[in-house]
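A structural walkthrough
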Amino acid sequence: MVRTRFAPSPTGYLHIGGVRTALFNWLYARKHGGQFILRIDDTDQSRNVEAALQPILDGFKWLGIDWDEGPEVNGPCGPYFQSQRSDHYQTAVDTLLSKGLAYRDYARTDEIQAEREAAQAEKRSFLYSRNWMAENDDQAAAFEAEGRTAVIRLKMHREGTCVIDDEIRGRVEFEWAKEQDMVIQKADGSALYHLASVVDDHAFGITHVIRAEEHLSNTPRQIFIAQGLDYDLPTYAHLPYVAEPGSKTKLSKRKIPKYLKNPDFKQLYDHGQHIATACGRELDADTFNPVIVDFYRDIGFLPHAVVNYLLLLGWSLDDKTEQFSKEEMIEHFTLERVVKSPASFDPKKLVAFQQREMDSLPLKQKTALAVSYLQQSGLVDDPPSCDTAPRLNDIIEATEQRMTVAGDILDYTDFFVTDDALTYDQDAYTKHITENEDDNGILADFRHIVESANPFEKETIEAAMRAYIEEKGIKFRAIVHPIRIALTGKTIGFSLFDTIALIGQQSCLARLDRILQ
RNA sequence: GGCCCCAUCGUCUAGCGGUCUAGGACUCCGGCCUUUCACGCCGGCAACACGGGUUCGAGUCCCGUUGGGGUCACCA
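None of the values given here were measured: they were computed from a predicted structure. (Residues numbered from 1 in each chain as written. Chains lettered and ligands numbered in written order. Predicted model: local features only at pLDDT ≥ 70, side-chain atom pairs only at ≥ 80, totals over all residues. Heavy atoms only, no water.)

The next thing to look at is the nonpolar core. Within soluble globular proteins, side chains that are nonpolar generally end up buried alongside one another. Residues Tyr296 and Met465 are the most contacted members of the largest nonpolar core, which totals 114 residues. The leading source of residues in this core is helix α1 (residues 16–31), at 9 residues. Leaving out residues up to four positions away in the same chain, Met465 has contacts with Phe446, Ile449, Phe476, Ile479, Ile483, Leu496, Phe497 and Ile500. If you look at the next biggest cluster of nonpolar residues, it comprises 33 residues, including Met156, Val198, Val199 and Phe204. (Core = buried A, V, L, I, M, F, W, Y, C linked by side-chain atoms within 4.5 Å. Buried < 20%, exposed > 50% of the residue type's maximum accessible area, 1.4 Å probe, protein only. Helix = DSSP H or I, 4+ residues; strand = E, 2+ residues; numbered from the N terminus. Contact = heavy atoms within 4.5 Å.)

For the rest of this paragraph, the subject is the pattern of salt bridges. Scanning the model with the defined rule gives 36 salt bridges in all. Across the pair Glu69 and Arg3 runs a salt bridge whose closest N-O atoms are separated by 2.8 Å. In this pair, Glu69 sits in the loop between α2 (49–63) and α3 (86–98) while Arg3 sits in strand β1 (residues 3–6), placing the two residues 66 residues apart along the sequence. Accessibility assignment for this pair places Glu69 and Arg3 in one class, buried. Through salt bridges with shared partners, a single network forms among Arg108, Asp110, Glu111, Glu146 and Arg148. (Salt bridge = Lys/Arg side-chain N within 4 Å of Asp/Glu carboxyl O.)

Here chain A shows a mean pLDDT of 93. Residues at 70 or above account for 98%. Two numbers describe this predicted complex: its pTM, 0.95, and its ipTM, 0.96. (pLDDT = per-residue confidence, 0-100.)

It is worth spelling out the environment of Asn454 at this point. Locating Asn454 in the fold gives a position in the loop between α17 (439–452) and α18 (458–472). Each C-alpha atom, one on Asn454 and one on Leu23, is 56 Å from the other, the two residues being 431 residues apart in sequence.

Attention now moves to the sheet that holds strand β8 (residues 183–185). Spatially, the 4 strands line up as an open sheet ordered β4-β3-β5-β8, and their pairing is antiparallel. With one partner strand each, in any of the chains shown, β4 (133–134) and β8 form the two edges of the open sheet. Direction of pairing for strand β3 (residues 102–105) relative to β4: antiparallel, over a ladder of 2 bridges. Bridged to Asp105 within β4 is Met133. (Pairing = 2+ DSSP bridges.)

Axis separation between helix α9 (residues 263–278) and helix α13 (residues 347–359) bottoms out at 8 Å; the angle between their running directions is 45 degrees. With respect to α13, the element α9 is oriented oblique. Contacts from Asp264, Phe265, Gln267 and Leu268 of α9 reach α13 at Pro347, Lys348 and Val351. Within the contact of α9 with α13, the residues separate by chemical class into 4 nonpolar, 1 polar and 2 charged. (Axes fitted to C-alpha atoms, helices over the stretch in contact; angles between N-to-C directions. Parallel < 35°, antiparallel > 145°, perpendicular 65-115°, else oblique. Nonpolar A, V, L, I, M, F, W, Y, C, P; charged D, E, K, R; others polar.)

Moving on to the protein's contact with RNA strand B. Near RNA strand B lie 64 residues; those nearest to it are Thr43, Tyr241, Gly314, Gly493 and Phe497. When atoms of RNA strand B within 4 Å of the protein are sorted by moiety, sugar and phosphate together comprise 75%. In the environment of RNA strand B, a sugar or linking oxygen lies 2.7 Å from a nitrogen or oxygen atom belonging to the side chain of Gln401. At 3.2 Å from a base oxygen of RNA strand B is found a main-chain nitrogen or oxygen belonging to Ser495. Counting residues per element, the surface near RNA strand B draws most heavily on helix α19 (residues 476–488), at 5 residues. (Near = heavy atom within 4 Å. Polar contact = N/O pair within 3.5 Å; in protein donor to acceptor, adjacent residues only side chain to side chain.)

Counting buried positions along helix α7 (residues 219–228) gives 9 out of 10 residues, so the element sits mostly inside the fold. Of all the residues in α7, the buried ones are Thr219, Pro220, Arg221, Gln222, Ile223, Phe224, Ile225, Ala226 and Gly228. Two residues or fewer past α7, Asp230 is found with a positive phi of approximately 60 degrees.

The contact between helix α15 (residues 389–398) and helix α20 (residues 496–503) brings their axes to 10 Å, and the two run at 165 degrees. It follows from the interaxial angle that α15 and α20 lie roughly antiparallel. Remark: the crossing between α15 and α20 carries left-handed chirality. The segment α15 lies against α20, with Arg391, Asp394, Ile395 and Ala398 engaging Asp498, Leu502 and Ile503. Its residues assigned to classes, the contact of α15 with α20 comprises 4 nonpolar, no polar and 3 charged. (Left-handed = near helix turned anticlockwise from the far one by under 90°.)

Take the environment of Phe456 next. Locating Phe456 in the fold gives a position in the loop between α17 and α18. A relative accessible area of 18% places Phe456 in the buried class. In sequence terms Phe456 and Glu115 are 341 residues apart; their C-alpha atoms lie 86 Å from each other. When residues no more than four places from it in sequence are discounted, the contact partners of Phe456 are Val450, Ile461, Ile500, Ala501, Gly504, Gln505 and Cys508.

In this sheet, strand β7 (residues 170–175) lies alongside strand β6 (residues 161–166) in antiparallel orientation, the contact comprising 6 bridges. Paired with Ile164 across the bridge in β7 is Val172.

Printed below as a string of structure tokens:
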């Protein structure tokens, strides 16, 4: 039975790199008919865990990555919060202590620091002298008499080799003597990450530890703990990490200002800001940026586009397949085809996946998504009013391929404002209306076409307009801009005939009259 | 700095000794289409880090160099 896990720390947001790791764990479990478990790494959290966890759970739900055991669903191995498992960790510490594989250490932090710096100065690797190690109660009592307090450290081997058979990296060796005597329990009695992680992986029956490469170098100490506790070792698979756009440095959540210097990242970010602003949303720079999953959900990405993109960031099936349904991902995923080198996050390519996904979305669903943005920005009532509701599908259909994300509908809002409230792009207005003396003639003629179109449909309007330019001996492009500006205030938009039909005869006349007067 | 990992177009990748004058995708650049803006279509630019081996033959195997990265907490 395959059991994998993802262990997020309740930080308040779901990081894109974390999602990729979770996805691979999820896929591996699903492929092998096993379980995917969510464990909450809150051993060091003083803040409100519940509030900081919710966005993470919501993110996974949105992406369709479900968990078999963990928060909300629970399961046979609970509790799934590390803050509630301290008794397990204490038992493990006691075992390690009794077997002489860990010790009470009374060194002060400055004393350790001094040793570390000395090693650094001599350009050799640091190895603790164990000068303040207490291996029996008498020694401990002596140190305590000096007013010292103890942490628990691992008493690492000082010879031999630790061999890791990594599913992705192959055989990796570490000399035990280079491994530090890690602290596994703080002076206040709380357990630290490595200890908690190993104990819980065992308690949860985790068979495959699939995690990012940054954990490779601390695997030896985890193996030491596991062996000391007589646990069977899980299979390890160290994924390459997700790197910054255009770089091989690990993607971090705290370097947004730096990423903003990357034009592609900036463009995506601005796109998001534009939509969020149009929705009248307050922006939190910590969570509203392309490194955090919420960003994509909030501006109208399709979750599957994000998942599909992330799948290909460090994994491929072959030399051509790029689009995968969830079922296909599960069917084809193998650790064997995970790439070893880091993959840098490419905002442009993610958008391309989204574009493709959006284009293939059925109209009804597209409409539903877009309408929610119109509602958020107050342009459409919830539920839509009687005169708006029937037009919605037609409007979205007329967007054709212009919406990359659902929030893009907010660039085409002139169908939802009243004729009096329509605003004009000033430069365009000046250029095509004010400065062009012939335009009044064209607009007036166009008003006649609108007025006499019967029925008022795009086919009849198009026929009348084509006849008009033929008669006048002018190009169509000569009349497009003035008309478009008169009707929508802008030079860009849908097909002009769609636009006219969607605005409707009455509004077209009203908007034309605003200009003609 | 010690230890460890990695190395094919700008980016994601295919390539598991000959079929590679290195394939696909995104980006970019041309052109076409055209009622604007998108879309679409056609075409193009662009890579095996370097040096040694092994071999009849190396992008593919080995070693070294260089480069990039990760990690070295009473964080996770």
